[in-house]
Amino acid sequence: MQDTAILVLGEHGPERRERLVTAAAGRPLWFAPHSDPTAGGADFDPAHVRAVLGAGGPAHLDPFPNVDWVHGAAAGVNALLTPEVLERRLTITSAAGNGAVPLAEHALMLMLMLNRDALRWLAAQRERRWERFTHGELAGSTVGIIGLGHSGMDLAAKAKACHMRVVGLARTPRPGGADNVDRIYAVEQLHDLLAESDFVVMTAPYTPSTRGLLGAAEFAAMKPSAFYICFSRGGIADDDALLAALREGIIAGAGLDAHAEEPLPPESPFWDLENVIITPHNGATSPGTGARGFDIMVENLTRYTAGEPLRNVVDQDAGY
Ligand code: OXD
């Protein structure tokens, strides 16, 4: 039994540990911090670890030669999928879905703020200035959601509640359509989606095929009045092209929660742009995200020990 031990990374209080012990169904369970994954205690033996739960990157797997299952700490697993990890052909699962609701809320907040030029109110408030101006409304405008996964679908529902038209881009065909999405485009129709959207929202994962998906030609295809919102990963939009589009008025502005380099360095030119709202990859940092992520982990551990198919299995060729 010892050689089927499970390692759980991260801080978990007594109640959560109890749930994990129950889910482990008698298998040895070790706990260690992310900063020191081999600090499992006196009887800890890296060679006995078969499953690592809560992994964030390859450093959390390297010390364990006999792992066959890894459950990622995040919804996006791009940081885990290095060539060395891919070569090991492990089963990898993710926390996908844990932050869908707050991320969609974050996108909606950024859309509303940009559409209403809310930064202008905040600046006026700081100066105790009563400044009224004409602003937009979401109703009747179009949101183009790139990626119709958990967060994309939740945003579609929220956008519909705001009386918006919703178009989406999906990698896999959906012959039956998707709830709250008026039109689904295939990847090769990206420019059609860009051209008709007042808000382009990036929810897609960062993979070899999405890296640099939006470059100069794509921003040029957007309306000059449109806004780009990104809460999945930076680097899907080429930063130089995005910067030029924002500076030159090729698009109206952006709301950026995910950035190609994180933390966004103080010298990044994005900080200085008046038509950009920057948030520090913070859109899903809510207790609910943590609780849902933990539930997914426990559910998968229960399935693993019962020999049942796991949830959120990553397609390693697709990269998510
Ligand atoms: C995630 C994220 O992937 O927070 O979980 O971006």
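Please refer to the structure higher up on the page.
What you see is a predicted model; the values in this text were computed from it and never measured.

Enquirer: Would you explain the pattern of salt bridges in this entry?
Expert: Side chains carrying opposite charge are able to pair once their charged atoms draw close together. Per the stated rule, a full pass over the model turns up 12 salt bridges. For R165, the salt bridge is made with E196, and the minimal N-O distance between the two is 3.1 Å. With a gap of 31 residues between them, R165 in strand β7 (residues 165-169) and E196 in helix α6 (residues 190-196) connect regions that are remote in the sequence. In this structure R165 comes out as partly exposed when scored by relative accessible area, which is 33%. One network of salt bridges, in which partners are shared, links R120, E127, R129 and E131.

Enquirer: Help me understand the nonpolar core in this model?
Expert: Nonpolar side chains in soluble globular proteins generally cluster together in the buried interior. Ranked by size, the top nonpolar core spans 33 residues in total, and within it I146, M202, L214, F219, Y228 and F270 carry the most contacts. When residues of this core are traced back to their parent elements, those giving at least two are β7, α6, β9 (199-202), β10 (227-230), α8 (239-247), β11 (253-256) and β12 (276-278). It is α8 that contributes the most residues to this core, 5 residues altogether. Those residues in contact with F270, other than ones at most four positions away along the chain, are D239, L242, L243, L246, L256, L264, V276 and I278. L103, A104, V143 and A170 belong to the second largest nonpolar core, which has 28 residues in total.

Enquirer: How do you make sense of the packing of aromatic side chains when you look at a structure like this?
Expert: Any pair of aromatic rings gets described here by the distance separating the centres and the angle formed by the planes. One pass over the structure, following the stated rule, counts 6 aromatic pairs. Arranged with centres 4.8 Å apart and planes meeting at 70°, the rings of W30 and F44 form a pair that is edge-to-face. Of this pair, W30 sits in strand β2 (residues 29-32) while F44 sits in the loop between β2 and β3 (49-55), and the two are 14 residues apart along the sequence. Its relative accessible area of 12% is what places F44 among the buried residues. Taken together, the ring pairs connect W30, F44 and F64 into an aromatic cluster. The side chain of R17 reaches across the aromatic face of F31, ending 4.0 Å from its centre.

Enquirer: Sorry, what's going on with the sheet that holds strand β1 (residues 5-9) here?
Expert: In any sheet, the strands associate via hydrogen bonds between backbone groups, in a parallel or an antiparallel arrangement. Read across the sheet, 5 strands follow the order β2-β1-β3-β4-β5 without closing on themselves; strand pairing throughout is parallel. Each having just a single partner strand, β2 and β5 (91-93) make up the two edges of the open sheet. Put simply, the sheet's adjacent strands are angled 15° from each other on average, direction ignored. Examined bridge by bridge, β1 and β3 share 4 bridges and lie parallel to one another. Residue pairing across strands places V8 opposite L53, the latter belonging to β3. Against the sheet, helix α1 (residues 14-24) engages β1 and β2, with an angle of about 145° to β2. Lying on the sheet, helix α9 (residues 287-306) is in contact with β1, β3, β4 (69-72) and β5; it crosses β4 at an angle near 165°.

Thresholds, definitions, all that
- Residues numbered from 1 in each chain as written.
- Predicted model: local features only at pLDDT ≥ 70, side-chain atom pairs only at ≥ 80, totals over all residues.
- Heavy atoms only, no water.
- Salt bridge = Lys/Arg side-chain N within 4 Å of Asp/Glu carboxyl O.
- Helix = DSSP H or I, 4+ residues; strand = E, 2+ residues; numbered from the N terminus.
- Buried < 20%, exposed > 50% of the residue type's maximum accessible area, 1.4 Å probe, protein only.
- Core = buried A, V, L, I, M, F, W, Y, C linked by side-chain atoms within 4.5 Å.
- Contact = heavy atoms within 4.5 Å.
- Phe/Tyr/Trp six-rings, centres within 6.5 Å; stacked < 30°, edge-to-face > 60°.
- Lys NZ or Arg CZ within 6 Å of the ring centre and 35° of its normal.
- Pairing = 2+ DSSP bridges.
- Axes fitted to C-alpha atoms, helices over the stretch in contact; angles between N-to-C directions.

The quantities given are spatial measurements derived from coordinates; they are silent on function.
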